[in-house]
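Given next are the chains, with one letter for each unit.
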Amino acid sequence: MYNFIAQGVGLMGAAVIILSYQCKKNQLLFLMQGLGGLLFAVNFLMLGATTAAFLNLVNLFRGAMLAWGNRFKSHWFAAGLIADYTVVTVFTFESWVSVLILVAQIVSTLTMWSRRGKWIRIGQLALVSPAWLINNIVCFSVGGIITESISILSVIVSLIRYRGHFEEKKEV
């Protein structure tokens, strides 16, 4: 029964994250992503994936910073987040998966702070989603597996749709 409840919490997190992709306003997007992250933190704690749970809690702080204004978008805040992710991973280290998702969070933070959609998508596709998908398979978070699978497909579709938009302008 406990595992059933844990999976239910993860599926609720997946639903909130997937619905957040439909938000028109960034502030609502970040808030919904934060709620989804909180649900995944509970899901991961219930499944015994402590590092994943606490990295998601740091994501709540990152989402709040991004949602509430430009004053939190300096490189110093990004560096502080990377330090937070690293400290959390050191104190909750479980296995090689802990290091993998730490690297994913660092890449995710750096690409978000670049404010360049192409780099955010490439980072998500190349490392962030695959790393979290591996974590979700290892700890068997059904909601997490669904979320990252949809995220990977979504990024591929967006890269195809916007490929002309992302191409560098050639000088004649």
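Peer 1: Requested: an account of the overall build of the protein, with residues and values cited.
Peer 2: Of regular secondary structure, the protein possesses eight helices and zero strands. Going from the N terminus to the C terminus, the protein shows its helices and strands as α-α-α-α-α-α-α-α. For the protein, whose C-alpha radius of gyration is 16 Å, the value lies close to the compact-globule estimate of 16 Å for 172 residues. Referenced to the eigenvectors of the C-alpha coordinate spread, the extents of the protein come out at roughly 65 × 30 × 30 Å. Split into buried and exposed, the 172 residues of the protein put 41% on the buried side. Contacts in the protein between residues far apart in sequence, at least 24 positions, make up 65% of those at least 6 positions apart. Surface accessibility of the protein: about 9,900 Å² in total, with carbon and sulfur atoms responsible for 70%. Each charge class in the protein was averaged separately, 13 positive and 6 negative side chains, and the resulting centres sit 11 Å apart.

Peer 1: Residues and numbers for helix H6 (residues 117–139), please.
Peer 2: Roughly 50° is the biggest bend found in H6, and it falls at Gln124. Burial in H6 covers these residues: Gly123, Gln124, Val128, Ser129, Ala131, Trp132, Leu133, Asn135, Asn136 and Cys139. Packed against the buried residues of H6 are helix H2 (26–47), helix H3 (50–67), helix H5 (96–114) and helix H7 (142–161). Phe140 sits one or two positions beyond H6 and adopts a positive phi of about 55°.

Peer 1: Please provide a residue-by-residue account of the environment of Ala126, values included.
Peer 2: Here Ala126 is to be found in helix H6. Taking the C-alpha atoms as reference points, Ala126 and Ile152, separated by 26 residues in sequence, lie 9.2 Å from one another.

Peer 1: So what's going on with the packing of H5 against H6? Residues and values would help.
Peer 2: Geometry of a packed helix pair, given as the angle between the helix axes and the separation of the axes. At a closest axis distance of 9 Å, the pairing of H5 and H6 adopts a crossing angle of 155°. Relative to H6, H5 is oriented roughly antiparallel. With respect to the hand of their crossing, H5 and H6 are arranged in left-handed fashion. Contacts between H5 and H6 involve Trp96, Val97, Leu100, Ile101, Val103, Ala104, Gln105, Val107, Ser108, Thr111, Met112 and Ser114 from the former and Trp119, Ile120, Gly123, Leu127, Val128, Ala131, Trp132, Ile134, Asn135 and Val138 from the latter.

Peer 1: Give a description of the nonpolar core that names residues and reports values.
Peer 2: Formed by 23 residues in total, the largest nonpolar core has its most connected members in Phe44, Ala52, Leu55, Leu81, Tyr85, Trp113 and Trp132. Of all the secondary structure elements, the ones that give two or more residues to this core are helix H1 (2–20), H2, H3, helix H4 (75–92), H5 and H6. Per-element tally for this core: the top contributor is H3, with six residues. Apart from the residues within four sequence positions on either side, Leu55 is in contact with Tyr85, Val88, Thr89, Ile101, Leu102, Gln105 and Trp132. Judged by nonpolar contacts, the second largest core, of five residues, contains Ala6, Val9, Val16 and Leu39.

Peer 1: Which residues make up a nonpolar patch on the surface, and what are the values?
Peer 2: Among the surface-exposed residues, Leu35, Leu38, Val42, Leu45, Phe54 and Leu57 lie close enough to one another that they form a single nonpolar patch of about 460 Å² accessible area. Breaking the nonpolar patch down by element, the ones donating at least two residues are H2 and H3. Here the nonpolar patch takes four residues from H2, the largest share from any one element. Structurally, Phe54 can be placed in helix H3. Taking relative accessible area as the criterion, Phe54 reaches 33% and is therefore assigned partly exposed.

Basis of the calculations
Residues numbered from 1 in each chain as written. Predicted model: local features only at pLDDT ≥ 70, side-chain atom pairs only at ≥ 80, totals over all residues. Heavy atoms only, no water. Helix = DSSP H or I, 4+ residues; strand = E, 2+ residues; numbered from the N terminus. Rg over C-alpha atoms; globule rule 2.2 N^0.38 Å. Buried < 20%, exposed > 50% of the residue type's maximum accessible area, 1.4 Å probe, protein only. Contact = heavy atoms within 4.5 Å. Areas by Shrake-Rupley, 256 points an atom, 1.4 Å probe, with all protein chains shown as cover. Lys, Arg positive; Asp, Glu negative; His and termini not counted. Charge placed at Lys NZ, Arg CZ, Asp CG, Glu CD. Bend = angle between axes of the 7 residues up to and from the residue. Axes fitted to C-alpha atoms, helices over the stretch in contact; angles between N-to-C directions. Parallel < 35°, antiparallel > 145°, perpendicular 65-115°, else oblique. Left-handed = near helix turned anticlockwise from the far one by under 90°. Core = buried A, V, L, I, M, F, W, Y, C linked by side-chain atoms within 4.5 Å. Patch = residues over 30% accessible without salt bridge, like charges linked within 9 Å, V, L, I, M, F, W, Y side chains within 5 Å. Salt bridge = Lys/Arg side-chain N within 4 Å of Asp/Glu carboxyl O.

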